[in-house]
Every structure is written in C-alpha cells, then in structure tokens.
Amino acid sequence: MTISVVGAHWIAGEWIPSAGATRFEVVSPVDGTVIGGVPEGGAAAAEAAIAAAQRAFLQSQWAHAPRLRADVLLAQAASVEARKDDLSRLLSIETGKLIGVARMEIAAAVSELRYYAGLARAIAGRMLEIEPGVYSHLTREPAGVAAIITPWNAPAILLVRSLGPALAAGCTVVMKPAPQSSLFHTAFLRCLADIDALPVGVMNSFCEAGSAGGELLVESPDVDVVSFTGSTAVGRRIMAAAAGTLKRLNLELGGKAPAIVFEDCDITTVAPQLAAAGMILAGQQCTAASRVLVHDSCYDALAKALAAALAAMRVGRSDDERSEIGPLIDIRSRDRVRRLVEMHADAAVLKGAVARNLPSGGAYLGPSLLAVEDLTSPVIQEEIFGPVLNIERFSTEAEAVKKANATRYGLAASVWTRDLDRAFRVSRSIRSGTVWLNDHNKLFPEAETGGHRDSGFGRLHGIDGLNEFLVTKHIYHRFGRVRELS
Ligand code: NAD
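Residues numbered from 1 in each chain as written. Predicted model: local features only at pLDDT ≥ 70, side-chain atom pairs only at ≥ 80, totals over all residues. Heavy atoms only, no water.

We now examine the overall build of the chain. If you tally the helices and strands in the chain, you get 15 helices and 23 strands. The principal-axis extents of the C-alpha atoms in the chain amount to approximately 80 × 65 × 40 Å. Looking at the chain residue by residue over its 486 residues, the buried ones come to 56%. Look at the contacts in the chain between residues 6 or more apart in sequence, and 73% of them connect residues 24 or more apart. For the chain, the exposed area adds up to about 20,400 Å²; of that, 54% sits on carbon and sulfur atoms. Averaging the coordinates of the 49 positive side-chain charges in the chain and doing the same for the 52 negative ones gives two points 1 Å apart. (Helix = DSSP H or I, 4+ residues; strand = E, 2+ residues; numbered from the N terminus. Buried < 20%, exposed > 50% of the residue type's maximum accessible area, 1.4 Å probe, protein only. Contact = heavy atoms within 4.5 Å. Areas by Shrake-Rupley, 256 points an atom, 1.4 Å probe, with all protein chains shown as cover. Lys, Arg positive; Asp, Glu negative; His and termini not counted. Charge placed at Lys NZ, Arg CZ, Asp CG, Glu CD.)

In structure tokens:
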C-alpha cells in the first residue's frame, strides 16, 4: 500500500516539530506494509501538554463560556464531517476496520460532538433557601485538566465520547491515543484542532509507542481526571498509579458479552444476527458477543445454524466493500487467537483458518465456533478479542442468568426471546452496564455505557458522560430575610 502519513503532537496550539525525535512505524494489518511514522512523545511531550492544558484551564475564559464551548463542538463536528471520506479510508487501512464500519464510526463521532454541543448549554446548578435568608448555591463546575487515554479499536468514537463531554463541561484536555491508531488520530485531530474559536491549550495531544507519557498523565498532580478506555490489565495499573494523587477516574475496560437465546426464538433469523454480533471488528470490540448461551431444546439447531452463518461470512481486505470480516489488528494478535483455537480444537464446531488468497502480510483469520462448557476455562473467563464465539447450554432461566454472570466482566449482554416479561426479568438480573433485547451492539450518544466489576466504572455517552467531568460546589451565603410586606 502506498500511503505515507506522519503522526504528530499538538501542544499549546501548535504542531510540534518532530525532527530528531525517535519514530515508531505503523503497519497496516491489511497487507503488512508500513504506512507511516510517528514521533515518540513520551514524558517530555506529556509534561508540555499538561502544562499547556493547565494554563488554559486557569487563564482562559473556557471554563466559564458554555456558548463558546458549544460553538467549538459544532465547528468540530462540521470539520470532521467535511473530511469524512479521507478519515474513513485511513481508519480502515490503519486498523483493519471494514470501510463501511469506518464510515459509520465517523458519522457516530459527528453525532456525538453535536450531542455534547447541545449539553454544553444546559449545564445548570441549583439554589435553595435553606432557612429564611440563608442560601446555598450548588454550581456545576468543570473538574479541571482531563487526560483521555484511548485504545486503537474505535479511535474516533472512543476519543469523542470522552472529549465531547470533557469540552462541554469546560475541562481542558490532554489526549493520548494507542500507537496502532496514531496516524488516524493525527488526521482526526487536525479536523478537531482546526477551529478558529478554540482557545490555545484547551486541547493537547501526543503519541507514543511506549507508556512513559501515559504513566505521567496518570501520576501528575496537575491532571484532575483520567478517562481511560482500554484493557482491564492496564486499567488496574492506572487505578493503582492514580492513588498517589487521589485522581478521579473513569475506567471503560474489557468485556465478555453473553447473548442469551431462549427456546421461543426463530433460530434461522437469530443465527446470522449473532454471527454478525460476534464478528464485529473481527471480534475486537469490547461489546462483541463472545458467548452464546442457548436453551437445551434448541442448542443443536442453533449450533448448526450459527456455524453455517459464520462459515458463510466473507473474510477480506478492510477496504473491499464486500468483506464481512476484516483482518485483526496485527499478526501477533492473529497468532495468539489462532493458538487459543488450536488448544481447544476438540471443542471446535467450526475452526477458523488463516485466510488464503489475501495479502500474506495481512492479519486475517476465519471465524471459529467453540463449544466449551467448563466455566473456569479461559475461553469463558478471558477476553479473546478475535473472531471466536463460544456456545454454551442452559436448561432454566435461572441457570442462564447464573452462567451469564459467571465471569468478572460486566459490560454488555443481549437477551433473545419473544416473551417480553422474561426479557425484562433477565435483563434486570444480568450484572452489566448494557443489555440489548433481540439485538446486539447498539450504541448511541444519548445512551450511557459502562461496566461492572472488571469492565470498569463510570459512564460515558449520555448525561452521565458529562457528569464524569463536572464537580458540584456549594456556595453558602446569608443574604438576609426577605422583608415582610406588611
Ligand atoms: P490497552 O489497554 O493495551 O491500551 C489502551 C491505551 O492505554 C493505549 O493508548 C495504550 O498506549 C495506553 N497505555 C498502555 N499502558 C499504559 C500505562 N501504563 N499508563 C497509561 N496508559 C497506558 O488496550 P488496547 O489493546 O489498545 O485496546 C483493547 C482493549 O480495550 C480491550 O480490552 C477492549 O475490551 C478495551 N475496550 C473497552 C471499551 C469499553 O468501552 N469498555 C471500548 C473499546 C475497547
């Protein structure tokens, strides 16, 4: 592939020249070619970015100007929308995301920015007369400098679902993308930063392949909030590192979404839907269906239909409109998933192979369906993050709920049944931040998402997303009693 893009840092309103800095290369999972280079930001870039964000928070009018913030967010939405085709293409080539899915992600990011532009103008406190003449104002204020650390698998929407509310709330920010999506991040950032009304230092960003800069963001006493999306392992490290400065955290971590299928479903319609729910981003989405729990009476029929639906999915280049499963993020991930499937070959209903007739440097792997029942198995307990579904059986509603809740994760789940009472009962019993009924992977700017237990805490999207970046202040004053009229 012949694209060559350069990543960079945006600090205090300037693109930082990268000459002389160590660079890391970004490899496309589509065919294994190097598509660009990125300067390593590290601790020095993080320090400069934090200082710029802190200056902007303390010295500009940003925190006090909700209409300006709304205007900036709307201008950012328009800027991204104007460059949506180039952005989608780069997103698809750099991360292996199917081009159609990349287009949807950019459209979702535009929608999210517009949503938070609206909310920026609706931040309101309260005022109470506690006793005659004694008043309490409760104001909603921005929390300060927010660090936003994001993963590679959806680098537009996962950035904007933290950035949108942070800016709307009046925070200033430092962003740190994942190395695998640094080129896209830089191109996206050019759209977000290219706004005349944006005060210098309100938005800052740096890239790195290591973790020195990210660690500094978490430990710095000048960062007030960390909004982190990524793996549970790194989330744990961040929580421990943030303890020294008692930092406010929002952790959006891994998932292991169960899809519970009851016996009253139409298997022929549900099977392809479940296959698509599991194979979204080649299974590399935190909410992707990864366990299918199915009632005994239709287990055999569903296993057969699901294996057929998966086998029929077309594995191909992410820039080919006909593809239904793109490459994984890199060869290392593909080989890790392939090994795991090999280790459980005796439980394989369908075993995905390394796809032929595709670029040999690409990270392609066909879909697998395993039938592991042992609840302690890593297939059930760990996030695989690849094109693998596991099918398990249950005989009662209680057993279905118990099995669904049998992992440490609690991010998302789905319930498939025509019985509305049962759908509601089961969805209330599942310990996860989201439950879809007869559908999966439906995400909206207006609807909060987040986790339980190992999937993290805090909520993004929706009004709760804004609250992650706001603090309430109590201002007391004794104004005196209102004079009596007679
Ligand atoms: P990751 O945890 O490896 O990396 C996430 C980010 O953290 C990257 O920017 C990385 O450079 C940075 N990082 C790594 N070590 C750090 C440290 N010590 N201090 C500070 N920052 C550090 O995750 P990934 O592989 O990029 O993404 C995949 C993971 O993200 C999966 O587990 C997936 O489930 C999860 N995810 C969760 C959600 C959600 O909404 N809950 C959404 C998307 C992805």
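After presenting the structure, the write-up continues.
To continue, consider the site of the ligand. With respect to spatial proximity, 28 residues lie near the ligand, and among them T150, K176, S231, L253 and E383 are the closest. Measuring from an oxygen atom of the ligand, one finds a side-chain N or O atom of W152 at 3.2 Å. Between the ligand and E252 there is a distance of 3.5 Å, counted from a nitrogen atom to a backbone nitrogen or oxygen. Relative to its unbound accessible surface of 860 Å², the ligand loses 88% to contact with the protein. Secondary structure elements with two or more residues in the shell around the ligand: α5 (157-169), α7 (212-219), β11 (225-229) and α8 (232-242). Considering only residue class, the shell around the ligand consists of 14 nonpolar, nine polar and five charged. In this structure, the shell around the ligand is formed jointly by two domains, domain 1 (5-253 + 455-473) and domain 2 (257-437), each of which donates at least three residues. (Near = heavy atom within 4 Å. Polar contact = N/O pair within 3.5 Å; in protein donor to acceptor, adjacent residues only side chain to side chain. Nonpolar A, V, L, I, M, F, W, Y, C, P; charged D, E, K, R; others polar. Domains from an automatic or database assignment.)

Taken as a whole, the chain is organised into domain 1 (5-253 + 455-473) and domain 2 (257-437). Between the C-alpha centres of domain 1 and domain 2 there is a distance of 31 Å. On the domain 2 side, the residues contacting the 21 residues of domain 1 number 27 residues. Summed over both sides, the interface between domain 1 and domain 2 buries roughly 1,800 Å², with carbon and sulfur atoms accounting for 58% of that surface. Of all residues in domain 1, V30, L98 and S455 give up the largest surface area on contact with domain 2, accounting jointly for 30% of the area buried on that side. Counting every contact that joins domain 1 to domain 2 gives one salt bridge. When the shortest N-O distance is used, the salt bridge between R103 and E321 registers 2.7 Å. Linking domain 1 with domain 2 are nine residue pairs in polar contact (both at pLDDT 80 or more). Only α3 (84-95) and α4 (99-120) provide two or more residues apiece to the side of domain 1 that touches domain 2. (Buried area = accessible area lost by both parts, 1.4 Å probe. Salt bridge = Lys/Arg side-chain N within 4 Å of Asp/Glu carboxyl O.)

What the three strands build is an open sheet, ordered β6-β7-β23; its pairing is antiparallel. The strands lining the two open edges of the sheet, one partner per strand, are β6 (126-131) and β23 (470-478). With direction set aside, neighbouring strand axes in the sheet form an average angle of 25°. (Pairing = 2+ DSSP bridges. Axes fitted to C-alpha atoms, helices over the stretch in contact; angles between N-to-C directions.)

Quick look at the pattern of salt bridges now. One pass over the full model with this rule turns up 19 salt bridges. The residue R322 makes a salt bridge to D320 at a minimum N-O spacing of 2.8 Å. D335 is the salt-bridge partner of R338, the closest N and O atoms lying 3.3 Å from each other. A residue pair is termed a helical-turn pair when its members lie 3 or 4 positions apart in one helix, as R338 and D335 do in helix α11 (residues 331-343) at three residues. Of the residues examined, R338 reaches a relative accessible area of 33% and is grouped as partly exposed. One continuous salt-bridge network, built from bridges that share partners, spans R236, R408 and D454.

Before going further, it helps to spend a moment on the packing of helix α9 (residues 267-279) against helix α10 (residues 296-311). Where α9 contacts α10, the two axes come as close as 8 Å, and the packing angle between them is 55°. One element, α9, and the other, α10, form an angle in the oblique class. Along this stretch, α9 crosses α10, giving a crossing that reads as right-handed. Listed contacts from α10 to I267, A271, P272, L274, A275 and M279 of α9 are C298, A301, L302, A305, L306, A309 and L310. Classifying every residue of the contact of α9 with α10 by side-chain character gives 13 nonpolar, no polar and no charged. (Parallel < 35°, antiparallel > 145°, perpendicular 65-115°, else oblique. Left-handed = near helix turned anticlockwise from the far one by under 90°.)

All right, on to the nonpolar core then. Core analysis: the largest hydrophobic core is formed by 53 residues, its most contacted members being V80, L163, V173, F188 and M203. Among the elements of the structure, α2 (66-82), α3, α4, β8 (145-149), α5, β9 (172-176) and α6 (182-193) are those that each provide at least two residues to this core. For this core, the element with the most residues is α4, which contributes ten residues. In terms of nonpolar packing, the next biggest core, distinct from the first, is built from 46 residues, V261, V270, V292 and L358 among them. (Core = buried A, V, L, I, M, F, W, Y, C linked by side-chain atoms within 4.5 Å.)

Let us look at the packing of aromatic side chains. Across all of its chains, the model carries six aromatic pairs by this definition. On the numbers, 6.0 Å between centres and 75° between planes, the contact of W152 with F385 is edge-to-face. One end of the pair, W152, is in the loop between β8 and α5; the other, F385, is in the loop between α12 (378-381) and β17 (388-394), and 233 residues separate them in sequence. Judged by its relative accessible area of 12%, W152 is buried. The positively charged end of R393 is found above the aromatic ring belonging to Y299, 3.8 Å away from the centroid. (Phe/Tyr/Trp six-rings, centres within 6.5 Å; stacked < 30°, edge-to-face > 60°. Lys NZ or Arg CZ within 6 Å of the ring centre and 35° of its normal.)

Its boundaries defined by the atoms lining it, the second largest pocket holds a volume of some 1,200 Å³. If you go around the second largest pocket, you meet 49 residues; those closest to its centre are V101, I280, Q285, N441 and L443. Counting residues per element, the ones that place at least two in the lining of the second largest pocket are α4, α5, α9 and β20 (449-450). No other element matches the six residues that α4 contributes to the lining of the second largest pocket. By residue class, the composition of the lining of the second largest pocket is 24 nonpolar, 17 polar and eight charged. Domain assignment of the residues forming the lining of the second largest pocket places at least three in each of domain 1 (5-253 + 455-473) and domain 2 (257-437). (1 Å grid on protein atoms, 1.4 Å probe; cavity = no way out; pocket = protein on both sides within 12 Å on 5 of 7 lines; lining within 4 Å. Points joined across faces, edges and corners; volume = space filled by probe spheres on them.)

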